[in-house]
Amino acid sequence: MEKNKSKTGINIILLLAVVALMVGALLINQHAEYGGSDGEAENVIAEINPDYQPWFNSLLEPKSGEIESLLFTLQGSLGVGIITYILGYYKGKNRNAVN
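Residues numbered from 1 in each chain as written. Predicted model: local features only at pLDDT ≥ 70, side-chain atom pairs only at ≥ 80, totals over all residues. Heavy atoms only, no water.

This part takes up the overall build of the protein. If you tally the helices and strands in the protein, you get three helices and zero strands. Element order for the protein, N to C, with α for helix and β for strand: α-α-α. Here the C-alpha atoms of the protein give a radius of gyration of 22 Å, more than 25% beyond the 13 Å that 2.2 N^0.38 yields for 99 residues. Counting across all 99 residues of the protein, residues that qualify as buried make up 0%. Element-wise, carbon and sulfur atoms account for 64% of the exposed surface of the protein, whose accessible area totals about 9,900 Å². Mean positive and mean negative side-chain charge positions of the protein (7 and 10 charges, respectively) differ by 34 Å. (Helix = DSSP H or I, 4+ residues; strand = E, 2+ residues; numbered from the N terminus. Rg over C-alpha atoms; globule rule 2.2 N^0.38 Å. Buried < 20%, exposed > 50% of the residue type's maximum accessible area, 1.4 Å probe, protein only. Areas by Shrake-Rupley, 256 points an atom, 1.4 Å probe, with all protein chains shown as cover. Lys, Arg positive; Asp, Glu negative; His and termini not counted. Charge placed at Lys NZ, Arg CZ, Asp CG, Glu CD.)

In C-alpha cells, the structure reads:
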C-alpha cells in the first residue's frame, strides 16, 4: 500500500512539473509567433536559390490553415495509436509467455 502512495505522489509531482514548463514557456514568449518550419524552409530556399522550382505540387491542398492543422494532428494521432498498439501487443505477448 505504501508503494502505491509514493508512486502517486511522484506522478503528481511530474504532472505539475510538466504543467509548469508549459505555462512557463508560454509566459516567456508572450509576443512570439508560433508557426511551422515549412514556411521558414521556403524562405531559406528562396534566399539560396531564387529560381528554384519544386519537383512536384501537392495532390491535395487544404482550403484553410485550420484544415491543414487538423489533418496534421490526425496523422500524428494515427501514428501514435499504431505505435502504442504495437508496443502494448508485444508487452502483453511477453507477459503471457512468462506465465
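Counted at 1.5 Å a residue, the expected span for helix α2 (residues 37-48) with its twelve residues is 16 Å, and the 17 Å between its end C-alpha atoms agrees. Across the twelve residues that make up α2, only a small minority, zero, are buried. (Expected span 1.5 Å × (residues − 1).)

Now for the UniProt feature "transmembrane region" (unreviewed entry) in the protein. When the UniProt feature table is mapped onto this chain numbering, "transmembrane region" (unreviewed entry) sits at residues 12-28 and 70-90. Secondary structure content for residues 12-28 is 100% helix and 0% strand, while the C-alpha to C-alpha distance between its ends is 24 Å. The distance separating the terminal C-alpha atoms of residues 70-90 is 30 Å; by composition the span is 100% helix and 0% strand. (UniProt positions renumbered as here; feature names shortened; annotations may be inferred.)

Taken together, the side chains of Asp38, Glu42, Glu61 and Glu68 present a region of like negative charge at the surface. As for its position among the elements, Glu42 is in helix α2. Given the relative accessible area of 56%, Glu42 is considered exposed. (Patch = residues over 30% accessible without salt bridge, like charges linked within 9 Å, V, L, I, M, F, W, Y side chains within 5 Å. Salt bridge = Lys/Arg side-chain N within 4 Å of Asp/Glu carboxyl O.)

This structure, assessed with the given rule, holds two aromatic pairs. On the numbers, 5.3 Å between centres and 80 degrees between planes, the contact of Tyr89 with Tyr90 is edge-to-face. According to the relative accessible area criterion, Tyr90 is partly exposed, its value standing at 46%. (Phe/Tyr/Trp six-rings, centres within 6.5 Å; stacked < 30°, edge-to-face > 60°.)

Together, Leu59, Leu60, Ile67, Leu70, Leu71 and Leu74 make up an exposed nonpolar region whose accessible area comes to about 660 Å². Tracing the sequence through the fold places Leu74 in helix α3 (residues 65-98).

So, on to the confidence of the model for the protein. Across the protein, the average pLDDT comes to 85, with 91% of residues at 70 or higher. Between the elements of the protein, mean pLDDT differs from a low of 84, seen in α2, to a high of 90, seen in α3. (pLDDT = per-residue confidence, 0-100.)

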